[in-house]
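Chain by chain, the residues run as shown.
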Amino acid sequence: MTIADVRRETADAVSISFAVPEDLREDYRYTPGQYLTLRTDVDGEDTRRSYSICSGLTTASCGSR
C-alpha cells in the first residue's frame, strides 16, 4: 500500500494517510483502537513502529501513536 499524505500535526506527531484502492476498502475497514505496525529498513536495520488507526475529523474517533 502506498502513502498518500504525511501531515505534521505537532513537533513530535504526524498523520499518515494511505491510498487504499476502492476495490479493497472493505478489506481495510477497522475498529477504533486497533493498531498497525509499519516496517522498513533504516541504515541496514529492521525498524518497526506501531501506530493506532483513526479516521479523519469528519468520521470516527481518532487515537494516537
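Draft legend 1. Region of interest: the overall build of the protein. A tally of regular secondary structure across the protein gives zero helices and four strands. When the helices and strands of the protein are read in sequence order from the N terminus, they spell out β-β-β-β. Each of the 65 residues in the protein was classed as buried or not, and the buried ones make up 9%. Relative to all contacts within the protein whose residues are 6 or more apart in sequence, the contacts with residues 24 or more apart total 8%. Entry remark: accessible area of the protein is about 5,700 Å², with carbon and sulfur atoms responsible for 48%.

Draft legend 2. A look at the layout of surface pockets. Counted as a void, the second largest pocket has a volume near 170 Å³. Along the walls of the second largest pocket sit Ile3, Ile16, Leu38, Arg39, Thr40, Thr47, Arg48, Arg49 and Tyr51, which together make up its complete lining. Here the residues of the lining of the second largest pocket are counted per class, giving four nonpolar, two polar and three charged.

Draft legend 3. Quick look at the pairing of strand S1 (residues 2-10). Two elements, S1 and strand S2 (residues 13-19), share seven bridges in a ladder whose sense is antiparallel. Residue pairing across strands places Val6 opposite Ile16, the latter belonging to S2. A loop of two residues connects S1 with S2, the two strands running antiparallel in sequence.

Draft legend 4. Layout of the pattern of salt bridges. In the structure shown here, the tally under the stated rule is five salt bridges. Residue Glu26 is joined to Arg29 by a salt bridge in which the shortest nitrogen-to-oxygen separation is 3.1 Å. Given the relative accessible area of 57%, Glu26 is considered exposed. Classification of Arg29 as exposed rests on a relative accessible area of 61%. Each member of the salt-bridge network shares a partner with another, and the members are Arg39, Asp46 and Arg48.

Quick notes on the rules
Residues numbered from 1 in each chain as written. Predicted model: local features only at pLDDT ≥ 70, side-chain atom pairs only at ≥ 80, totals over all residues. Heavy atoms only, no water. Helix = DSSP H or I, 4+ residues; strand = E, 2+ residues; numbered from the N terminus. Buried < 20%, exposed > 50% of the residue type's maximum accessible area, 1.4 Å probe, protein only. Contact = heavy atoms within 4.5 Å. Areas by Shrake-Rupley, 256 points an atom, 1.4 Å probe, with all protein chains shown as cover. 1 Å grid on protein atoms, 1.4 Å probe; cavity = no way out; pocket = protein on both sides within 12 Å on 5 of 7 lines; lining within 4 Å. Points joined across faces, edges and corners; volume = space filled by probe spheres on them. Nonpolar A, V, L, I, M, F, W, Y, C, P; charged D, E, K, R; others polar. Pairing = 2+ DSSP bridges. Salt bridge = Lys/Arg side-chain N within 4 Å of Asp/Glu carboxyl O.

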